[in-house]
Amino acid sequence: MTYIRRRIAHFFSTFSLYNFLLLAFGLPFLTEGLFLFLRQSFLNNLYHPPYLFLFLALIFLYGNLFSQVQANEKAFENFSLKAAFVSFAYWLLLSPIFFFRFYQMLLAWQPLPANMLSFLFLYRWKILPIILLFYVIVLYFLYRAILVPKYLKKGNSLKQSIQLSWQQSKKNPVKQLGIFFLIPLIFLVTSLLIKVGFIGLTQLLSRQSTAMILLLLYRVLQNIVWALFFLYLAASDKKAVVEDDRPKTTFIWMGLMVVACLSLYSLHYAHAFHVQKANTQLTISHRGVSNQNGVQNSIEVLRKTSETFHPDLVEMDVQETADHQLVVMHDEDLNALADKNLRIDETTWKDLKNLTLKENGHSSKIPLFADYLAAANQLNQKLLIELKVTAKTKSTIVQGLLPLSDQLANHQLQSMDLDTANQMKKLFPMLKVGYILPFDLLGAPRTSLDFVNIEARTASGDLIQVLQHRKQAVYAWPINTKQQAAAYRFLQVKGILSDDLAVISAPSDDIKARTASILQFD
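Residues numbered from 1 in each chain as written. Predicted model: local features only at pLDDT ≥ 70, side-chain atom pairs only at ≥ 80, totals over all residues. Heavy atoms only, no water.

Asker: Go over the overall build of the protein, please, and point to the residues and values.
Answerer: Within the protein, the secondary structure is distributed over 21 helices and 13 strands. Reported as C-alpha extents along the three principal axes, the dimensions of the protein are approximately 80 × 50 × 50 Å. The buried share of the protein, taken over its 522 residues, is 51%. Total accessible area computed for the protein in this model is approximately 25600 Å², and 63% of it derives from carbon and sulfur atoms. In the protein, 50 side chains carry a positive charge and 36 a negative one; their mean positions are 11 Å apart. (Helix = DSSP H or I, 4+ residues; strand = E, 2+ residues; numbered from the N terminus. Buried < 20%, exposed > 50% of the residue type's maximum accessible area, 1.4 Å probe, protein only. Areas by Shrake-Rupley, 256 points an atom, 1.4 Å probe, with all protein chains shown as cover. Lys, Arg positive; Asp, Glu negative; His and termini not counted. Charge placed at Lys NZ, Arg CZ, Asp CG, Glu CD.)

Structure follows, in structure tokens:
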């Protein structure tokens, strides 16, 4: 513990109060201002690609400040253009971490081509781990090259600076693990815990004035955490800083900087409170269940949920068997519900119909979609029908809906496969058809579909605004807590899917829900 205390004390001695306040309030003021400017330019259709140069200029500013703090220099003292551009490249590679909000907003408003996004979503569990591993390797090389700008400022060549940084950052494996992985992870987890904690604190609110104070305190604490992380990265191989005497005007500028930053946050949050208005949402039972009242996607639980909770829609899943029968089933295989190592698309209906599914103390048979649809129509219960496609069924599953076209009236269709969703809209133009986003970090492809069903855990306010800007309805899944449901109510989301419909119908306090919504999605 003595060693840890000594290292912490040394860390806090490696930066000045001026640099700390500059990182906690000065740069965040510029960052927030640019972020809000870009967001409004998108909302008002005034965005132009050259605006991206402002974002790159912000990254350059961070990089230049990083090299100055690292070398214990004042602004533009011993300026090196080569060191500045190396720091810029360094921070450009770090920008997905430090400027995550910018990338999320840009990808929401300027999405990748639809076919590319659909491919990434369909094969996400194969592609994303590779991308993540590659980025971790890049971060490791950045860690080993962290001192390059400092050595460039001392007059060394780029090659010599890389070699010196590599030697200086060489540690034993345990120490390297701590410096490279554990300490940054602590900063990240701390930031997430602050967010979760403040969302929880919204339950204590009763007035907008206290909500504003809570939001400002949240932003200040987040700024402090990220300022300390910045200083931690710059503290490698640094000695203690000797505070020099600064003129009184410096402290006046520092005070104005803090006031300007807090004022910008206050104006932004006041605007957020003004524009947020709750709406009445469609209640959608996820897989037909509510609070584990039966086997998912069974006719028995459809009847029970419909007659007890009267949801606006019941979401359910349709797959195609090996002999081209449409059945109601979510999982591609029967391992979880029937303890059978069988895939739906490789098994015939004859072999499936006698199997018993067990879940939550209930049991049921796999129903044919035609039977499930007939039961829903008898109950006058509207369905949200998801077609789950595989490589074997993609070319034929939609055709299986055609004989049921009359019975499908007033129901809605959706799929996680964009081609399938577009095909359904072409064949059933009078029905509402949507696309399911498996995660929301890369934005949503541009489509002419009626709605987009977003994954709630990775959703952002910008993505929801984009979809609404396109005149597409937004559904969100899965919403399983009262706090989540209350937060989404203020985002004008059209419908929310839940495994427990009681959380959707629960009333929410206005100021508590509004503040939680701002904290979660802003």
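Having seen it, we continue.
Asker: Residues and numbers for the side chain of Glu32, please.
Answerer: Position of Glu32 relative to the elements: it lies in helix H2 (residues 17-43). Side-chain polar atoms of Glu32 contact the side chain of Arg219, separated by 2.7 Å. What Glu32 contacts, discounting residues up to four positions off in sequence, is Arg101, Arg219, Leu264, Tyr265 and His268. (Polar contact = N/O pair within 3.5 Å; in protein donor to acceptor, adjacent residues only side chain to side chain. Contact = heavy atoms within 4.5 Å.)

Asker: Now, about helix H4 (residues 81-98): what can you tell me, with residues and values included?
Answerer: Roughly 35 degrees is the biggest bend found in H4, and it falls at Leu92, with proline Pro96 one to four residues downstream. Residues of H4 that are buried include every one of Ala83, Ala84, Ser87, Phe88, Tyr90, Trp91, Leu94, Ser95 and Phe98, and no others. Buried-residue contacts for H4 involve helix H3 (52-70), helix H5 (100-109), helix H7 (124-144), helix H8 (148-153) and helix H11 (208-234). (Bend = angle between axes of the 7 residues up to and from the residue.)

Asker: Can you lay out the packing of aromatic side chains for me, pointing to particular residues and giving the numbers?
Answerer: Summed over all chains, the structure comprises 35 aromatic pairs. Taking the centre distance of 4.2 Å and the plane angle of 25 degrees together, the rings of Phe42 and Tyr47 count as stacked. Side by side, Phe42 and Tyr47 carry an identical accessibility label, which is buried. A centroid spacing of 5.9 Å and a plane angle of 70 degrees characterise the contact between Trp226 and Phe229, whose relative ring orientation is edge-to-face. You can see Trp226 and its partner Phe229 sitting in helix H11, three residues apart, about one turn around the helix. Judged by its relative accessible area of 24%, Trp226 is partly exposed. Over the face of the ring belonging to Phe35 we find Arg101, whose NZ or CZ atom lies 3.9 Å from the ring centre. Above the plane of the ring of Trp166 lies Arg144, whose end atom (NZ or CZ) is 4.0 Å from the centre. (Phe/Tyr/Trp six-rings, centres within 6.5 Å; stacked < 30°, edge-to-face > 60°. Lys NZ or Arg CZ within 6 Å of the ring centre and 35° of its normal.)

Asker: Summarise a nonpolar patch on the surface; cite the residues concerned and give the values.
Answerer: A cluster of nonpolar residues, Phe181, Leu182, Ile183, Leu185, Leu188, Val189, Leu192 and Leu193, forms a patch on the protein surface that exposes about 670 Å² of accessible area. With respect to the helices and strands, Leu188 occurs in helix H10 (residues 173-201). Given a relative accessible area of 41%, Leu188 falls into the partly exposed group. (Patch = residues over 30% accessible without salt bridge, like charges linked within 9 Å, V, L, I, M, F, W, Y side chains within 5 Å. Salt bridge = Lys/Arg side-chain N within 4 Å of Asp/Glu carboxyl O.)

Asker: Describe the side chain of Ser460, naming the residues involved and giving the relevant values.
Answerer: By the secondary structure assignment, Ser460 is in the loop between strand E11 (451-455) and helix H18 (461-469). For Ser460, the contacting residues outside a window of four places in its chain are Gln104 and Phe521.

Asker: How would you summarise the environment of Glu307 if you had to cite specific residues and measurements?
Answerer: Considering the arrangement of structural elements, one finds Glu307 in helix H13 (residues 299-309). Spatially, the C-alpha atom of Glu307 lies 65 Å from that of Thr2, the residues being 305 residues apart in sequence.

Asker: Quick rundown of a positive patch on the surface? Include the residues and the values.
Answerer: Taken together, the side chains of Arg6, Arg7, Lys171 and Lys175 define a basic patch exposed on the protein surface. Here Arg6 lies in helix H1 (residues 2-12). On the accessibility criterion, Arg6 (52% relative accessible area) is exposed.

Asker: So what about the environment of Ile183? Which residues, and what values?
Answerer: Positionally, Ile183 belongs in helix H10. Discounting chain neighbours no more than four positions away, the residues touching Ile183 are Gly178 and Tyr232.

Asker: Give a detailed account of the nonpolar core, specifying residues and quantitative values.
Answerer: Grouped together as the largest cluster of nonpolar side chains are 74 residues, with contacts concentrated most on Trp91 and Leu233. Once residues lying within four places of it in the same chain are set aside, the contact partners of Leu233 are Phe66, Trp91, Leu94, Phe98 and Ile146. The next biggest cluster of nonpolar side chains, apart from the first, holds 58 residues, and it includes Leu401, Leu404, Ala421 and Ile454. (Core = buried A, V, L, I, M, F, W, Y, C linked by side-chain atoms within 4.5 Å.)

Asker: Break down the pattern of salt bridges for me, citing the residues and quoting the values.
Answerer: With the rule as written, the count across this model stands at 13 salt bridges. Residue Glu346 pairs with Arg343 through a salt bridge whose shortest N-O separation is 4.0 Å. Each of the salt bridges in this network shares a partner with another, and the network as a whole consists of Glu332, Arg343, Asp345, Glu346 and Lys392.

Asker: Help me get a handle on unusual backbone geometry, residues and values and all.
Answerer: Look at the link from Trp477 to Pro478: it is a cis peptide, with omega at -20 degrees. With respect to the helices and strands, the residue Pro478 is situated in the loop between strand E12 (473-477) and helix H19 (482-489).

Asker: Please provide a residue-by-residue account of the pairing of strand E13 (residues 495-498), values included.
Answerer: The alternating pattern of E13 places Gly495 and Leu497 and Ile496 and Ser498 on opposite faces, both of which are buried. Relative to E13, strand E1 (residues 282-285) runs parallel, the two being bridged by four bridges. Residue Thr283 lies in a different strand from E13, and its bridge partner there is Ile496. (Pairing = 2+ DSSP bridges.)

Asker: Talk me through helix H17 (residues 418-427); I want residue IDs and the actual numbers.
Answerer: Looking only at H17, the buried set comprises Leu418, Thr420, Ala421, Met424 and Lys425. Looking straight down H17, one finds its buried side chains confined to an arc of 165 degrees; they lie on one side. Turning to H17, the residues buried within the fold contact helix H6 (114-122), strand E8 (383-387), strand E9 (412-415) and strand E10 (432-436). (Arc of directions from axis to C-beta.)

Asker: Summarise the environment of Leu262; cite the residues concerned and give the values.
Answerer: Checked against the element boundaries, Leu262 lands in helix H12 (residues 248-275). Owing to a relative accessible area of 27%, Leu262 belongs among the partly exposed residues under this scheme. Between the alpha carbons of Leu262 and His469 there is a distance of 30 Å; along the sequence they are 207 residues apart.

Asker: Got a sec to walk through the packing of H12 against helix H21 (residues 510-521)? Specific residues and values, please.
Answerer: Axes are the key here: two packed helices are described by the angle between their axes and the distance separating the axes. Where H12 meets H21, the axes come as close as 10 Å, and the angle between the chain directions of the two elements is 125 degrees. With respect to H21, the element H12 is oriented oblique. Judged by the twist between their axes, the crossing of H12 over H21 is right-handed. The segment H12 lies against H21, with Tyr269, Ala272 and Phe273 engaging Ile511, Arg514, Thr515 and Ile518. Tallied by class, residues from the contact of H12 with H21 come to five nonpolar, one polar and one charged. (Axes fitted to C-alpha atoms, helices over the stretch in contact; angles between N-to-C directions. Parallel < 35°, antiparallel > 145°, perpendicular 65-115°, else oblique. Left-handed = near helix turned anticlockwise from the far one by under 90°. Nonpolar A, V, L, I, M, F, W, Y, C, P; charged D, E, K, R; others polar.)

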